[in-house]
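Single-letter residue listing:
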Amino acid sequence: MENLISLVNKIQRACTALGDYGEATALPTLWDSLPAIAVVGGQSSGKSSVLESIVGKDFLPRGSGIVTRRPLVLQLHKGEEGSKEYAEFLHLPRKRFTDFAAVRKEIQDETDRETGKTKQISSVPIHLSIYSPFVVNLTLIDLPGLTKVAVEGQPDSIVQDIENMVRSYIEKPNCIILAISPANQDLATSDAIKISREVDPTGERTFGVLTKIDLMDKGTDAVEMLEGRAFRLKYPWIGVVNRSQADINKNVDMIASRRREREYFSSTPEYKHLAHRMGSEYLAKVLSKHLEAVIKSKIPGIQSLISKTIAELEAELSRLGKPIAADDGGKLYAIMEICRSFDQIFKEHLDGVRPGGDRIYNVFDNQLPAALKRLQFDKQLSMENIKKLITEADGYQPHLIAPEQGYRRLIESSLITIKGPAEAAVDAVHSLLKDLVHKSISETLVWHFMLAGSMILPSLIYQQAVISFFCPFVESSGVPTQISQLILYVGSVDTQDLKQYPSLRAEVGNAAIDSLEKMRDESKKATLQLVDMECGYLTVDFFRKLPQDIDKGGNPTHSIFDRYNDSYLRRIGSNVLSYVGMVCATLRHLIPKSIVHCQVREAKRSLLDHFFTELGKIEPKRLSSLLNEDPAVMERRSALRKRLELYRSAQAEIDSVAWSK
């Protein structure tokens, strides 16, 4: 059973070493689930004397005001008979203290290191282990004494700060409360009892200790309190008699003090019948036995919590990914894999494996036709405009049979307006492709192969695959060393997220957008050329197939004024509108083909080609800067790793105790 207290001691030390103090953080805490005994009391209630009496040594700082300014986790380890007594601090793991006056000084110094030489408090605990054949296996947490008034040098909030710290320990369901109250004061005003009752109203977790029984006024005693009649708890009250200040000044040792304590209870008539369960030695044994029982009952739940939390921490670490290798080859390989994954996701969006590509089809099937329909050819082909353009085209010599130049000008001026919807379609697809780039960046999660800190040769097939993928982009870059290093990086599977590296994310995003803009410019040229071709060369067969009506189509025997009558102009407008409609129908199908060829297919084929070409030429320093992670991600990963180390250590400790049984 003694192994159980030692087990919790080890886990508590690991918690402190790895930054788990039970405070409210974004990380899971193991500290809160560990059973512990917290010593609570007001200033000058005798807390320090009780602890020293249990240990049998003078080792705690003394003085006026707030002396305990950090939690002290006191772990007692019972040694074999005849073994030496010594103390160790967690922050000084290889130093043994045999002089307990030096222990007292180190507690003061370590407190000052954390809080400065002020009267501030800190929640970061000090861990002190004492090994002695004269102690029982026990762990106690000494908390700052509760106070009602801030003294000089303390902030006004100190009263509430101390209460909040004490409350943060004792409100946890796995905490056993050791409430220290002086017997020479009214129990109703006891700070320890007041706060204990608030967090443990039934008294299920509270042990009451009465100090200074020997200092009560003559004619009074503490029998009613010790028998539980004044204030009932689940466990019987225990009375102790501490050393007086005069004894402390005279350096009366603990052995003599304990003997005097036993004599006091056995010889005082009021307490003689309670003497068998009074005193600091009895208190230590009761607490040790109770702590063992509580730990034993809580171990299964702690094991379950540890297993669940390990799985959660591992899952989050996997999502965050591991740090990149330190050498240039590993960095180049990582960048290449991340970019290749991004490129694949982008293609999947276009091909319908992931959502987004259908929005491009919507541009072709809805937006472009609607924009073409909205073109106001009627205004362009008004009677007034037709007459004006035909007259201008005829010049000084009226047309003989049909106003061919007028037709050409009317058709050209109408078709030019199609350039607007064509350019809008190019821009709309460009915008959608940009959106897909940003979406793909956010979704890029790479399963890549790494051995952190070591390298092994991959299979020949994989080497060839890596080289064949990357070499086309760096043939002229002169970086054979980096290429040769690439093939050395295979091993255990891991994940890497593009969001993990802000610099690389920005570079890849900018490179992709730059490529898309070049493709957009080429697409505009090609698409507008389609319109220009229709303007530059008319389909003659369309006009030859039109019904010929000499009377209405322009009889040369009519006067020039008859040629420009409304019926004649309407006929011209109708013919031009029919031709423009035919061209619109043709361009409605050709424009999407041009856009897909120049933008969509080209983006699928060569979105990051230029980036890969430049990547092969990049300097090592610049290469490293691309893989600078978001500081928040690095900090989170570091914190998770420490916490995972803690939980795995705890799991191993619990398993070792289980196997030893």
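Below you will find a few notes about this structure. Please read all numbers here as calculations on a predicted model, not as lab measurements.

As a further point, take the overall build of the protein chain. Along the protein chain, the regular secondary structure elements total 25 helices and 11 strands. Within the protein chain, counting contacts between residues at least 6 apart in sequence, those at least 24 apart form 82% of the total.

Along strand S5 (residues 126-132), 6 of the 7 residues are buried, which leaves the element largely enclosed by surrounding structure. Relative to S5, strand S2 (residues 72-78) runs parallel, the two sharing 7 bridges. Directly across from Lys78, in S5, lies its bridge partner Ser132. As judged from the 4 bridges shared by strand S3 (residues 86-89) and S5, these two strands associate in the antiparallel manner. Bridge pairing links Tyr86 to Tyr131 in S5.

On to the environment of Ala230, then. Looking at the element boundaries, Ala230 is found in the loop between helix H6 (223-226) and strand S9 (238-239). Among the residues examined, Ala230 registers a relative accessible area of 45% and is labelled partly exposed. Considered as a pair, Ala230 and Leu187 are 43 residues apart in the sequence and their alpha carbons are 8.3 Å apart. Filtering out sequence-adjacent residues up to four positions away, Ala230 remains in contact with Glu224 and Met225.

Of the two faces of S3, the one carrying Tyr86 and Glu88 and the one carrying Ala87 and Phe89 are both buried. Both S3 and strand S4 (residues 92-97) contribute to a ladder of 2 bridges, which runs antiparallel. Counterpart to Ala87 in the pairing with S4 is Phe97. The loop that links S3 with its antiparallel partner S4 comprises 2 residues.

We now examine empty space enclosed by the protein. Per the counting criterion, the structure on display carries 2 cavities of 30 Å³ or more. The volume enclosed by the second largest cavity comes to roughly 40 Å³. Around the second largest cavity, the lining residues are Ser49, Glu52, Ser53, Arg62, Asn242, Arg243, Met254 and Ser257. Residue assignment for the lining of the second largest cavity shows that the elements contributing at least two residues are helix H2 (47-55) and helix H8 (254-267). Looking at the lining of the second largest cavity, its residues break down into 1 nonpolar, 4 polar and 3 charged.

Here is what the cut-offs are and how they apply
- Residues numbered from 1 in each chain as written.
- Predicted model: local features only at pLDDT ≥ 70, side-chain atom pairs only at ≥ 80, totals over all residues.
- Heavy atoms only, no water.
- Helix = DSSP H or I, 4+ residues; strand = E, 2+ residues; numbered from the N terminus.
- Contact = heavy atoms within 4.5 Å.
- Buried < 20%, exposed > 50% of the residue type's maximum accessible area, 1.4 Å probe, protein only.
- Pairing = 2+ DSSP bridges.
- 1 Å grid on protein atoms, 1.4 Å probe; cavity = no way out; pocket = protein on both sides within 12 Å on 5 of 7 lines; lining within 4 Å.
- Points joined across faces, edges and corners; volume = space filled by probe spheres on them.
- Nonpolar A, V, L, I, M, F, W, Y, C, P; charged D, E, K, R; others polar.

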